[in-house]
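Here is how the chains run, residue by residue.
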Amino acid sequence: MTRSTHTLTLGQGTLDVTVDLFGQEGRPFLLLHGGGGPQTVTPFAGMLAEQRPARVFTPVHPGFDGTARPEWLTDVTTLAQVYAHLLDALDLRDVAVVGNSIGGWIAAELAALGSPRISSVTLVNAVGIAVPGHPIADTFSLTPVELSRLSFHDPSKFRFDPSALTEAQRAVMAANRATLQVYSGPHAMADPTLPDRLAKVTHPTLVAWGASDQVVDADYGRAYARAIPDAEFRLLEGTGHMPQTETPERFLPVLWDFAEAHTTDRPRH
């Protein structure tokens, strides 16, 4: 893994984005983490780069893990614009965008921007829309242990002991949580204007969903897929809110096969 920092300039101002890269050659993936922070995707990024010809770029959302978030960066729509600029700065093409949870929301907004650098989008247990009868769990009111019970098919394998955290780790978790609250906006992890933008998405899109997720249930995921023209829905049995963490060996081929089926940069012979 190599870490780099990229200074990007948008109309609102300038900011630095920290990016971890796994793999040195192969097709590019932009892997966007959820509210649990970069560690929720880091092991999977390494696995993907090791088992497939892939370069996996995993940016740290500004404000997470001690990074700086400028005052003007307060919503997912703007964060998606940041990552569109990042793809330009890295000069990546044929990019498979993947996002989990709020990272899926960011990926959906990025898809709505219509960048020609993107070849496919995979939303993994994403949030971002409101679905009547299928509310998003209020994760901010839950303890880490309670959240774990909602997030995993088998929570016993992911036991969380808050007493084992150092003061530094507690500080990072608190800062991450505060940053997540900023990005989640006034509508509890959803944007009522997002479905209008999703209806215009033209990138091939896979909506992959852990069947045991109790943060956002499978019917929420099906509604997400219906909101995007021609999107595919794939139910992943035996896993919950973070398939890349709980069942990475089963999720990886699903992701890879979809990305490969929709590449725009086939090698010429």
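As a reminder, the structure under discussion sits directly above these lines.
K.L.:
Sorry if this is basic, but what is going on with the overall build of the chain here?
P.N.:
Each helix and strand counted, the chain has 9 helices and 8 strands in total. Radius of gyration (C-alpha) of the chain: 17 Å, near the 18 Å computed for a compact globule of 269 residues. Each principal axis of the C-alpha distribution contributes one length, and for the chain these read about 55 × 40 × 40 Å. Buried positions account for 52% of the 269 residues belonging to the chain. Sequence separation of at least 24 residues holds for 75% of the intrachain contacts in the chain that already meet a minimum separation of 6.

K.L.:
I'm lost on the nonpolar core in this one. Help?
P.N.:
Across soluble globular proteins, you tend to see nonpolar side chains buried next to one another. Leu-30, Val-82, Tyr-83, Val-97, Leu-123, Tyr-220 and Tyr-224 are the most contacted members of the largest nonpolar core, which totals 56 residues. In terms of residue count, helix H2 (residues 76-90) provides more of this core than any other element does, 9 residues in total. Residues within four places of Tyr-83 in sequence aside, it is in contact with Val-17, Leu-30, Leu-32, Pro-59, Val-60, His-61, Pro-62, Ile-106 and Leu-110. The next biggest cluster of nonpolar side chains, apart from the first, holds 24 residues, and it includes Leu-31, Val-56, Val-98 and Val-124.

K.L.:
What is the right way to read the environment of Gly-133 from this model?
P.N.:
With respect to the element layout, Gly-133 can be found in the loop between strand S6 (118-124) and helix H4 (144-151). For Gly-133, a relative accessible area of 68% corresponds to the exposed category. Considering only alpha carbons, one finds Gly-133 and Tyr-220, 87 residues apart in sequence, at a separation of 8.8 Å.

K.L.:
Hey, could you run me through the packing of aromatic side chains in this one?
P.N.:
Applying the stated rule across the entire model yields 5 aromatic pairs. Ring centres 5.3 Å apart and planes at 35 degrees place the aromatic pair Phe-44 and Phe-251 in the tilted group. Here Phe-251 lies in helix H9 (residues 248-261) and Phe-44 lies in helix H1 (residues 42-51), a separation of 207 residues in the sequence. Grouping residues by exposure puts Phe-44 and Phe-251 together as buried. Between Tyr-220 and Tyr-224, the aromatic rings sit 6.1 Å apart at their centres with planes inclined by 65 degrees, giving edge-to-face as the arrangement. Residue Tyr-220 and its partner Tyr-224 are located together in helix H7 (residues 218-226), separated by 4 residues, close to a single helical turn. Assessed through its relative accessible area of 1%, Tyr-220 is described here as buried. Through a chain of ring-to-ring contacts, the aromatic side chains of Trp-209, Tyr-220 and Tyr-224 assemble into a single cluster. Seen from the ring of Phe-29, Arg-27 lies directly overhead, with NZ or CZ sitting 5.7 Å from the centre.

K.L.:
It is not clear to me how the pattern of salt bridges should be interpreted in this structure. Could you clarify?
P.N.:
Think of it this way: side chains of opposite charge can pair up when their charged atoms draw near. Counted under the stated rule, the structure contains 11 salt bridges. Across the salt bridge formed by Asp-91 and Arg-93, the nearest N and O atoms sit 3.4 Å from each other. Using a relative accessible area of 46% as the deciding quantity, one classes Asp-91 as partly exposed. For Arg-93, a relative accessible area of 55% puts it in the exposed group.

K.L.:
Please explain the sheet that holds strand S5 (residues 95-100) as it appears in this structure.
P.N.:
In a beta sheet, neighbouring strands are held together by backbone hydrogen bonds and run either parallel or antiparallel to one another. Ordered in space as S1-S2-S4-S3-S5-S6-S7-S8, the 8 strands form an open sheet in which the pairing is mixed. Two strands in the sheet have a free side with no partner beyond their single neighbour: strand S1 (2-10) and strand S8 (232-236). Ignoring which end each strand starts from, the neighbouring axes of this sheet average 25 degrees apart. Summarising the sheet, S1 and strand S2 (residues 13-22) pair through 9 bridges and their orientation is antiparallel. What sits directly across from His-6, in S2, is Val-17. Packing against the sheet, helix H3 (residues 102-113) makes contact with strand S3 (27-32), S5 and S6, and its axis sits at approximately 140 degrees to S5.

K.L.:
I keep staring at the side chain of Thr-263 and nothing clicks. Help me out?
P.N.:
On the secondary structure map, Thr-263 appears in the segment after H9. Within the local environment of Thr-263, its side chain forms a polar contact with the side chain of Asp-94, the two groups lying 2.4 Å apart. If we ignore the near neighbours within four places in the chain, the residues touching Thr-263 are Arg-27, Asp-94 and Ser-119.

K.L.:
Explain the pairing of S2 to me, please; I cannot follow it from the model alone.
P.N.:
In summary, the side chains of a regular strand alternate between the two faces of the sheet. For S2, a buried count of 8 out of 10 residues is recorded, marking the element as mostly surrounded by other parts of the structure. Direction of pairing for S2 relative to strand S4 (residues 54-59): antiparallel, over a ladder of 4 bridges. Among the inter-strand pairings, Phe-22 is bridged to a residue of S4, identified as Val-56.

Calculation rules
- Residues numbered from 1 in each chain as written.
- Predicted model: local features only at pLDDT ≥ 70, side-chain atom pairs only at ≥ 80, totals over all residues.
- Heavy atoms only, no water.
- Helix = DSSP H or I, 4+ residues; strand = E, 2+ residues; numbered from the N terminus.
- Rg over C-alpha atoms; globule rule 2.2 N^0.38 Å.
- Buried < 20%, exposed > 50% of the residue type's maximum accessible area, 1.4 Å probe, protein only.
- Contact = heavy atoms within 4.5 Å.
- Core = buried A, V, L, I, M, F, W, Y, C linked by side-chain atoms within 4.5 Å.
- Phe/Tyr/Trp six-rings, centres within 6.5 Å; stacked < 30°, edge-to-face > 60°.
- Lys NZ or Arg CZ within 6 Å of the ring centre and 35° of its normal.
- Salt bridge = Lys/Arg side-chain N within 4 Å of Asp/Glu carboxyl O.
- Pairing = 2+ DSSP bridges.
- Axes fitted to C-alpha atoms, helices over the stretch in contact; angles between N-to-C directions.
- Polar contact = N/O pair within 3.5 Å; in protein donor to acceptor, adjacent residues only side chain to side chain.

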